[in-house]
Amino acid sequence: MARRERPAGEPAGAPRQLTRRAFLTRALGAAGVTSAAAYAAYAPEDWPGAARDADGLRSVPAVKPFRLTDFRVAKPVGAPDVAVGHGGDAMTRLRKALDALGGLAHYVSPGDIVLLKPNVAFDRAPVLAATTNPEILAALIRLILVDCRAQEVRVADNPIESPADCFAKSGIAAAVASAGGRVYLPDANAFRILNTPDSRLIENWQFFHRPLTNANKVIGVAPVKDHNLCLASMGMKNWYGLLGGRRNQFHQDIHELVSDLSLMIRPTLTILDGTYVLMRNGPTGGDPADVRPGDAVVAAVDPVAADAWAYRHLLSRTTELPRYLLLAEEKGTGSASTEGRVREIA
Amino acid sequence: MMARARNPVPRIRQMLRITNARIASQAVFFGLFVGAAWATWTSRLGGYPVSRFLELDPLVFTTTLLSTGYVYRFLGAAVLIIAATVLFGRVFCNWICPYGSLHQLIGWLFNVRSHRERWAANRYRPIFALKYVGLGVFVVLAAFGSLQVGLLDPICLLHRSFATAIAPMFDGVVDGTRSALAGAGLDLPALAAVKLAPAGEPRAFIGSFWIGALLVTLVALNVVVPRFFCRTLCPLGAFLGVLSRLALFRINRDASACTNCNLCLTRCEGAADPAGQLRLSECFACMSCIDDCPEDALRFTALRQDPEQVVATPDFGRRQLLFTGALGMLAFPLLKNNGLNTDASYSPGLIRPPGSVEEGEFLKKCIKCEQCLKVCPTNVLQPAGLDIAGPEGLWTPVMVFNLGHCQLTCTLCSEVCPTGAIRRITVEEKLGRGPYRSRGPLALGTAFFDRGRCLPHAMQIPCVVCEEVCPVSPKAIQTEDEEVIDAFGQRVLLNKPFVVPDLCIGCGICQSECPVTASRAVYVTAVGETRSAARRLLLRRRSVLAAQAGAGDAPAASPGAALPATPGQ
């Protein structure tokens with residue numbers, strides 16, 4: 001309460017009295033505080049500003065999931081679903097494959113923001129083939145930026161080991177920087193809950209969302225690797241790297257999960273790099289002897305067919321296809337039969 | 001005094017003094033508090049509002065509103081105390097608060113001061129502003145999402161001390177008396193009705209020594225500084241002190257009648273300087289000064305107050321306020337970054353009672369009052385030590401299955417929790433029956449076997465108490481049976497137990513009944529608790545899938561089904 005000067009004319013020593021104004025101000029404050037508290041506590045829950053929470057469920061934070069758009073682009077008439085480029089260097093093979101699909105410019109338009117998703121799961125040298133080969137990634141970024149005049153190329157993954165180290169030691173950070181792309185590393189605020197309708201295991205799941213903000217095209221760029229649990233890690237398994245949360249539980253039902261991934265994201269293109277194929281001891285590898293140099297780059301509009309072809313021809317497996325490819329077929333995200341759908345360019 | 005000698009006041013008028021009314025009020029509320037503590041027991045609850053003192057606490061109301069944004073269940077009752085405070089000042093402190101009454105009683109019983117010494121002891125000291133620092137830190141912490149007010153809030157502190165320290169102590173005395181009387185040939189089974197927690201076995205609370213020691217220390221400090229806790233530390237008192245600036249009624253000194261005799265300081269509980277300018281934020285409205293004033297210069301009034309005879313606001317400037325805010329903002333990351341209670345790294349023993357909300361939310365709601373510990377019939381609920389929950393979760397409830405287990409059809413802890421840290425649940429919800437069938441039972445954790453200590457697994461000795469007591473159907477502990485010839489040439493059938501994690505609800509009865517006591521051969525850890533998605537163990541509970549299929553439930557509607565696909569997102 002502000003101390004006021006004694007009004008002139010009032011005898012000193014006589015007790016001053018509370019003014020009516022001061023009393024009313026205080027009474028108003030008292031009534032205000034009490035009513036505000038009472039309103040917060042007792043107003044019905046649908047009234048504005050009401051804080052009543054009778055069952056304790058209202059204060060449980062609500063999950064606000066988002067959805068991804070479909071990033072697919074219809075292929076030109078007559079183009080195959082899967083194209084494979086052989087011969088020459090990485091850039092040559094990549095161009096051959098993309099040209100057979102109708103040319104990259106058919107899929108990426110000027111001004112697009114394109115997300116490339118390599119596999120950078122581990123802190124490994126490129127020669128071990130546990131991660132996407134930086135050469136093919138750099139070549140693709142140049143094609144997108146120069147030939148297709150895209151606005152921006154982003155490169156993102158949520159690695160198992162320390163993200164900055166994985167990107168540096170796999171050679172991908174340097175390759176992306178030299179080609180003019182931009183790396184997005186994950187952090188706690190880069191994830192949001194993604195809603196994937198019809199998926200069995202990831203209906204609402206933490207998803208590395210930030211690099212996809214305003215992106216119009218998404219291209220997976222995956223190595224072809226042996227995998228201890230699901231037989232092979234190729235284009236579809238690569239999307240695992242955009243998941244967050246307790247994803248180590250997915251190994252309890254890996255095939256269901258990998259096929260869910262094909263529902264989660266419908267990429268513009270899937271590119272499989274067969275320059276170095278990790279034949280055994282996957283998905284980490286660790287010995288150059290596990291790696292077989294190949295001579296193929298696969299580009300596909302059908303991720304299921306691309307994986308099926310790579311499983312047979314790059315990993316050279318004659319056993320049954322991984323079950324996740326059949327599950328993906330059931331979920332309608334592609335077809336595992338490659339008969340008449342693949343064009344190889346020597 | 002002289003006046004009374006000349007005009008003797010009738011004895012009945014003497015009895016009707018306002019301080020006697022105050023003492024009666026204190027006695028009633030203290031009795032209600034003890035009664036509530038007594039009734040916080042499985043056979044006595046019967047719908048009594050045993051947590052009402054906590055629900056009346058305006059600081060619990062305010063800090064939980066800050067931390068969660070909501071007012072749980074009965075917490076709105078605090079509006080009554082807020083209204084009383086803006087009318088009459090801190091009457092709560094000396095008319096209602098059972099902890100304040102305890103301090104006053106002890107100070108009165110053990111007072112050895114002369115009147116003059118009491119005048120000095122009851123003058124205001126700057127250190128009394130410390131409580132505003134505590135309040136500020138607690139409020140800032142709550143706003144950031146960590147509720148620590150229960151550490152010092154007097155109602156929480158007293159409830160906690162009663163539940164974990166006083167009740168076992170008192171019940172021990174009752175049991176001792178009863179056995180002594182029985183030894184003398186006089187058995188009084190009725191004495192069990194006096195016990196605060198009449199369990200069959202004596203109850204023990206891990207770490208209750210420190211809770212009891214804190215209580216004893218704070219109460220004993222009354223001998224050094226009267227009402228030390230209330231004047232210096234109490235965050236609720238500080239909160240009411242801030243509110244009391246609006247109070248319509250207060251002690252008013254008629255400066256022209258006052259002879260500066262200092263008698264009003266003799267029994268001043270709040271050290272509020274009624275002899276000079278009254279420190280309104282410190283005054284407990286105990287009315288002793290009015291009672292002691294020989295000149296009738298002090299009145300408790302809303303009218304004709306002299307604005308010069310009061311300091312309306314706490315002795316706490318802008319600089320102190322900024323300092324306090326900075327302390328709170330430092331305290332929050334220090335508490336949170338302790339690394340003992342994250343989803344990646346948490347103690348295996350951090351097992352919360354059934355109905356508990358997810359851990360981050362739990363720490364926004366739990367006031368460490370231990371009402372749940374008090375009501376728990378099996379003694380399984382224990383105050384978490386620093387090793388289990390870190391400093392942030394100190395004295396929050398955890399389950400220690402060596403001491404008891406979570407009884408299948410008991411939801412008492414969720415019934416008495418005043419803040420919804422343990423949300424009120426029904427037995428149906430706990431067991432996943434009726435409308436909760438498709439979601440399955442609430443699981444507290446998951447049981448694991450230490451096969452090196454398990455009798456059938458490691459020592460060829462039949463046992464499986466764990467399987468026998470496992471309360472779910474089908475059982476979450478099942479066996480693989482094997483016939484062997486043991487070390488003595490006898491043919492024995494060994495039922496080697498294993499856990500079916502989908503079925504396990506983490507009730508811990510297997511652990512509490514396991515005969516391998518020192519370190520149990522079957523034990524429950526927190527992983528797999530249903531309240532947390534981040535701390536689950538299984539991708540899917542096969543049992544729940546089966547229940548859904550069996551019940552013919554439609555698949556749960558996707559929460560995002562109504563969302564439009566946002567382009568580019």
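So, how was this worked out
Residues numbered from 1 in each chain as written. Chains lettered and ligands numbered in written order. Predicted model: local features only at pLDDT ≥ 70, side-chain atom pairs only at ≥ 80, totals over all residues. Heavy atoms only, no water. Axes fitted to C-alpha atoms, helices over the stretch in contact; angles between N-to-C directions. Helix = DSSP H or I, 4+ residues; strand = E, 2+ residues; numbered from the N terminus. Parallel < 35°, antiparallel > 145°, perpendicular 65-115°, else oblique. Left-handed = near helix turned anticlockwise from the far one by under 90°. Contact = heavy atoms within 4.5 Å. Buried < 20%, exposed > 50% of the residue type's maximum accessible area, 1.4 Å probe, protein only. Polar contact = N/O pair within 3.5 Å; in protein donor to acceptor, adjacent residues only side chain to side chain. pLDDT = per-residue confidence, 0-100. Nonpolar A, V, L, I, M, F, W, Y, C, P; charged D, E, K, R; others polar. Buried area = accessible area lost by both parts, 1.4 Å probe. Salt bridge = Lys/Arg side-chain N within 4 Å of Asp/Glu carboxyl O. Arc of directions from axis to C-beta. Pairing = 2+ DSSP bridges. Domains from an automatic or database assignment. Core = buried A, V, L, I, M, F, W, Y, C linked by side-chain atoms within 4.5 Å. Patch = residues over 30% accessible without salt bridge, like charges linked within 9 Å, V, L, I, M, F, W, Y side chains within 5 Å. Areas by Shrake-Rupley, 256 points an atom, 1.4 Å probe, with all protein chains shown as cover.

A. Layout of the packing of helix H3 (residues 18–39) of chain B against helix H8 (residues 98–109) of chain B. Residue and element names in this part refer to chain B. Between H3 and H8, whose axes approach to 9 Å, the crossing angle comes to 120°. For the element pair H3 / H8, the angle class is oblique. Considering only the axes of H3 and H8, their crossing is left-handed. In contact with Arg22, Gln26, Phe30 and Phe33 of H3, H8 contributes Pro98, Ser101, Leu102 and Gln104.

B. Representation of the side chain of His227(A). All names here are of chain A. Tracing the chain through its elements places His227 in strand E8 (residues 217–227). Given a relative accessible area of 4%, His227 falls into the buried group. There is a polar contact of 3.1 Å between the side chain of His227 and the backbone nitrogen of Leu229. If we ignore the near neighbours within four places in the chain, the residues touching His227 are Ala232, Ser233, Lys237, His251, Gly282 and Pro283.

C. Examining the environment of Glu320(A) more closely. Residues and elements named next belong to chain A. Tracing the sequence through the fold places Glu320 in the loop between helix H8 (303–313) and helix H9 (323–330). You can call Glu320 exposed: its relative accessible area is 66%. Here the alpha-carbon distance between Glu320 and Val155, two residues 165 residues apart in the chain, equals 33 Å. Setting aside its immediate chain neighbours within four residues, Glu320 contacts Leu231, Tyr311 and Arg312.

D. Spotlight on the confidence of the model for chain B. Confidence in the prediction of chain B, expressed as mean pLDDT, is 93, and 95% of residues score 70 or more. For the stretch residues 552–569 of chain B, pLDDT sits under 50, and the model shows 32 contacts to residues farther than four places along the chain or on other chains.

E. Expanded view of the packing of H8(B) against helix H12 (residues 208–220) of chain B. Residue and element names in this part refer to chain B. Relative to each other, H8 and H12 sit at 55°, their axes nearing to 9 Å. It follows from the interaxial angle that H8 and H12 lie oblique. Between H8, through Tyr99, Leu102, His103 and Ile106, and H12, the contact on the second element is made entirely by Leu215, Leu218 and Val219. Here the contact of H8 with H12 is built from residues that sort into six nonpolar, one polar and no charged.

F. The arrangement of the interface of chain B and chain A in detail. The interface of chain B with chain A comprises 52 residues on the first partner and 51 residues on the second. Surface buried jointly by chain B and chain A totals about 4,400 Å² across both partners, of which 55% is contributed by carbon and sulfur atoms. At the surface where chain B touches chain A, the tally comes to one salt bridge. As a salt-bridge pair, Arg540(B) and Asp253(A) come within 2.1 Å of each other at their nearest N and O atoms. Applying the counting rule to chain B against chain A returns 13 residue pairs in polar contact (both at pLDDT 80 or more). Of all elements in the fold, only helix H5 (58–68), strand E1 (71–72), helix H6 (78–88) and helix H17 (359–365) of chain B reach the threshold of two or more residues within the side of chain B that touches chain A. With four residues, H6(B) is the largest single contributor of residues to the side of chain B that touches chain A. When grouped by side-chain class, the residues that make up the side of chain B that touches chain A number 29 nonpolar, 11 polar and 12 charged.

G. The arrangement of the pattern of salt bridges in detail. All names here are of chain A. Summed over the entire model, instances satisfying the criterion amount to 41 salt bridges over all chains. As a salt-bridge pair, Arg93 and Asp295 come within 3.2 Å of each other at their nearest N and O atoms. You can see Arg93 sitting in helix H2 (residues 90–100) and its partner Asp295 sitting in the loop between strand E11 (291–293) and strand E12 (297–300), a full 202 residues away along the chain. For Asp295, a relative accessible area of 35% translates into the label partly exposed. With a closest N to O distance of 2.6 Å, Lys217 and Asp112 form a salt bridge. Residue Lys217 is located in strand E8, and its partner Asp112 is located in the loop between helix H3 (104–107) and strand E3 (113–118); the two are separated by 105 residues in the primary sequence. The exposure class assigned to Asp112 is buried, which follows from its relative accessible area of 8%. Here the residues in one salt-bridge network are Lys75, Asp81, Asp302 and Arg341, joined through shared partners.

H. Local environment of the side chain of Thr396(B). Residues and elements named next belong to chain B. Topologically, Thr396 is positioned in the loop between helix H19 (386–389) and strand E7 (397–399). Residue classification places Thr396 among the buried positions, given a relative accessible area of 1%. Here the side chain of Thr396 touches Arg352 through a polar contact of 2.9 Å, side chain to side chain. Those residues in contact with Thr396 that lie beyond four places of it in its chain are Arg352, Phe362, Cys366, Lys368, Gln382, Pro383, Ala384 and Ala389.

I. Representation of H6(B). For H6(B), the complete set of buried residues consists of Ala78(B), Val79(B), Ile81(B), Ile82(B), Thr85(B) and Val86(B). In a view along the axis of H6(B), the buried residues occupy a sector of 160°, so they form one face of it. The elements touched by buried residues of H6(B) are helix H1 (20–42) of chain A together with helix H4 (52–55), H5, helix H7 (91–96) and helix H14 (235–243) of chain B.

J. Seen up close, the pairing of E12(A). Residue and element names in this part refer to chain A. Alternating residues of E12 divide into Val297 and Ala299 and Val298 and Ala300, and every residue in both groups is buried. Here strand E2 (residues 82–85) runs beside E12; their pairing, made up of four bridges, is antiparallel. Across the sheet, residue Val82 finds its bridge partner in E12, namely Ala300. Pairing between strand E10 (residues 269–278) and E12: four bridges, direction antiparallel. Looking at the pairing, Ile271 lines up with Ala299 of E12.

K. Fine view of the domain arrangement of chain B. Here chain B is described as being made up of domain 1 (2–113 + 128–247) and domain 2 (446–549). Distance from the C-alpha centre of domain 1 of chain B to the C-alpha centre of domain 2 of chain B: 44 Å.

L. Main features of the nonpolar core. With 89 residues, the main nonpolar core has Phe92(B), Tyr99(B), Leu240(B) and Ile367(B) as its most contacted residues. Discounting chain neighbours no more than four positions away, the residues touching Phe92(B) are Ile81(B), Cys97(B), Ile155(B), Leu236(B) and Leu240(B). The next biggest cluster of nonpolar side chains, apart from the first, holds 58 residues, and it includes Ala222(A), Leu315(A), Tyr324(A) and Leu539(B).

M. Broad picture of unusual backbone geometry. Here the residue pair Gly282(A) and Pro283(A) is connected by a cis peptide bond, since its omega of 0° sits within 30 degrees of zero. With respect to the helices and strands, Pro283(A) occurs in the loop between E10 and E11. For the bond from Ser473(B) to Pro474(B), the omega torsion is 0°, close enough to zero to count as cis. Here Pro474(B) lies in the loop between helix H23 (465–469) and strand E9 (477–485). Look at Asn260(B): it is not a glycine, yet its phi comes out positive at around 55°. The residue Asn260(B) is located in the loop between strand E2 (250–253) and strand E3 (278–279) in this model. Overall, the relative accessible area of 54% leaves Asn260(B) in the exposed class. Its identity is not glycine, yet Ala271(B) carries a phi of approximately 55°, on the positive side.

N. Fine view of the domain arrangement of chain A. When cut into domains, chain A gives domain 1 (21–59) and domain 2 (82–345). Centre-to-centre, using C-alpha coordinates, domain 1 of chain A lies 55 Å away from domain 2 of chain A.

O. Focus on a nonpolar patch on the surface. A cluster of nonpolar side chains, contributed by Leu105(B), Trp108(B), Leu109(B), Phe110(B), Val223(B) and Val224(B), occupies part of the molecular surface with about 650 Å² of accessible area. If you trace the backbone, Leu109(B) turns up in helix H8.

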